[in-house]
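What follows is each chain in one-letter form.
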Amino acid sequence: QFVQKKLEHMAHFDALTNLPNRYLMSLHLDKKISKNSPVWLFYLDLDLFKDVNDTLGHGVGDQLLIELSRRLETVLNGKGFIARIGGDEFVVMVEKVDTARDVSHLASEMIKELAKSIPLFNQVVSVSASIGIAIYPEDATTPSELLKHADIAMYYAKELGSNNFQYFTEHMNASAQAKLKLENAVKQAHANREFINFYQPIVNCLDGSITGFEVLMRWPSENGMIPPDVFIPVAEESGLINEIGCWVLEKAISDIKPLESYVTDEFQMAVNLSVVQFRNRRGAGD
């Protein structure tokens, strides 16, 4: 019987923080929505948590998550249901709220509490949180839709500079759908080798001679060229920029090879790199 209870606990609670896990949160949310009970769902994501793990180690990161979980419980004081659904993401469900101002106040209190510095292993650690808020039944009709919409709102909060909260709106949903469509199109374009290189001459101002080329990646479509400032950010966020960057460089080297007999020691070929590629030596052409 002890083993059975232990297994049940492991199936429903997060091993690190002892908070309810995604599965138990889903059961709880399903139950409330099946009774048509109003639910305010807060989707929390910690800002810069990856930096803590990378610089101070996962041990410090784990202790930070434990402490932040305690702080969330203190702020809610039994008035809501908290779950850790994975990594540095938490979900808070609240049922009894008098006014919208109370919802905003609760989100502000969580952000304020989570932003306080924490002494851990002779280090002072601090992070912040971005929160997305979705409301049943106004913003969704199913548990999965409600969670998705709160997640979308959270990403908007991050885009506005983190350490804040945003309520879900239909505009956010339409924008997220358009972004997903563009991301899929960029992946397909890369797979189909739709991107092309343009070579802009680098001219010596003193004598007008061409001393090299700048490589410019372009994406032609039926409606003309798709601007780089449209698809490059999508490639960066999806992680595809590393593969695309390598392809651009390899293609440029291949294209320039037939001209090697004309190339002098002063010849240069400039290739633009994304800051994301500097974080990945292979993606930067190393």
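This report concerns the structure included in the present document. (Residues numbered from 1 in each chain as written. Predicted model: local features only at pLDDT ≥ 70, side-chain atom pairs only at ≥ 80, totals over all residues. Heavy atoms only, no water.)

Describing the packing of helix α7 (residues 170-191) against helix α8 (residues 228-238)
Now for step 1: One way to put it is that α7 packs onto α8 with a least axis distance of 10 Å and a crossing angle of 85°. Judged by the inter-axis angle, α7 sits roughly perpendicular to α8. Along its contact with α7, which presents K179, L182, E183 and V186, the element α8 presents V230, F231, V234, A235, E237 and S238.
Now for step 2: A class-by-class count of the residues in the contact of α7 with α8 yields six nonpolar, one polar and three charged. (Axes fitted to C-alpha atoms, helices over the stretch in contact; angles between N-to-C directions. Helix = DSSP H or I, 4+ residues; strand = E, 2+ residues; numbered from the N terminus. Parallel < 35°, antiparallel > 145°, perpendicular 65-115°, else oblique. Contact = heavy atoms within 4.5 Å. Nonpolar A, V, L, I, M, F, W, Y, C, P; charged D, E, K, R; others polar.)

Overview of helix α4 (residues 58-76)
Now for step 1: With 19 residues, α4 extends 27 Å between its outermost C-alpha atoms, agreeing within 8% with the 27 Å of an ideal straight helix rising 1.5 Å per residue.
Now for step 2: Residues V60, G61, L64, L65, I66, L68, S69, R71, L72 and L76 constitute the buried set of α4.
Now for step 3: Just past α4, the residue N77 takes up positive phi, approximately 50°. (Expected span 1.5 Å × (residues − 1). Buried < 20%, exposed > 50% of the residue type's maximum accessible area, 1.4 Å probe, protein only.)

Examining the packing of aromatic side chains
Now for step 1: For the structure on display, the rule yields four aromatic pairs.
Now for step 2: Taken together, a centroid distance of 5.6 Å and an interplanar angle of 90° make the contact between W219 and F231 edge-to-face. Remark: F231 occurs in helix α8 and W219 occurs in strand β9 (residues 210-221); sequence separation between them is twelve residues.
Now for step 3: What makes W219 buried here is its relative accessible area of 5%.
Now for step 4: Grouped by ring-pair contacts, the aromatic residues F195, W219 and F231 constitute a single cluster. (Phe/Tyr/Trp six-rings, centres within 6.5 Å; stacked < 30°, edge-to-face > 60°.)

What about α7?
Now for step 1: Taking 1.5 Å of rise per residue, 22 residues should cover 32 Å, and α7 covers 32 Å from first to last C-alpha, within 8% of that figure.
Now for step 2: Among the residues making up α7, those that are buried are M172, N173, V186, A189 and H190.
Now for step 3: At its buried positions, α7 is contacted by α6 (143-159), β7 (165-167), β9, α8 and α9 (241-256).

Some details on the sheet that holds strand β6 (residues 128-136)
Now for step 1: With mixed pairing, five strands are arranged side by side in an open sheet as β2-β3-β1-β6-β7. The open sheet has two free edges, formed respectively by β2 (81-86) and β7, since each of these has just one partner strand. Between one strand and the next, the sheet's axes are offset by a mean angle of 20°, whatever the strand orientation.
Now for step 2: Sheet strands in contact with helix α2 (residues 22-34) are β1 (39-47), β2, β3 (89-94) and β6, and its direction is about 135° off that of β2.
Now for step 3: In the packing of α6 onto the sheet, the strands contacted are β1, β3, β6 and β7, and the crossing angle to β6 comes to about 145°. (Pairing = 2+ DSSP bridges.)

Details of unusual backbone geometry
Now for step 1: At the junction of Y136 and P137, the peptide bond is cis and its omega measures out at 10° in the coordinates.
Now for step 2: With a phi angle near 65°, N18 is a residue other than glycine that sits in the positive phi range.
Now for step 3: Looking at the element boundaries, N18 is found in the loop between α1 (2-12) and α2.
Now for step 4: The partly exposed category is assigned to N18, whose relative accessible area is 45%.
Now for step 5: Positive phi is not limited to glycine here, since S162 has a value of about 65°.

Overview of the side chain of S274
Now for step 1: Tracing the backbone shows S274 in the loop between β11 (268-271) and α10 (275-278).
Now for step 2: The class of S274 is buried, set by a relative accessible area of 7%.
Now for step 3: A polar atom in the side chain of S274 sits 2.6 Å from the side chain of E236.
Now for step 4: Those residues in contact with S274 that sit more than four places away from it in its chain are E236 and I241. (Polar contact = N/O pair within 3.5 Å; in protein donor to acceptor, adjacent residues only side chain to side chain.)

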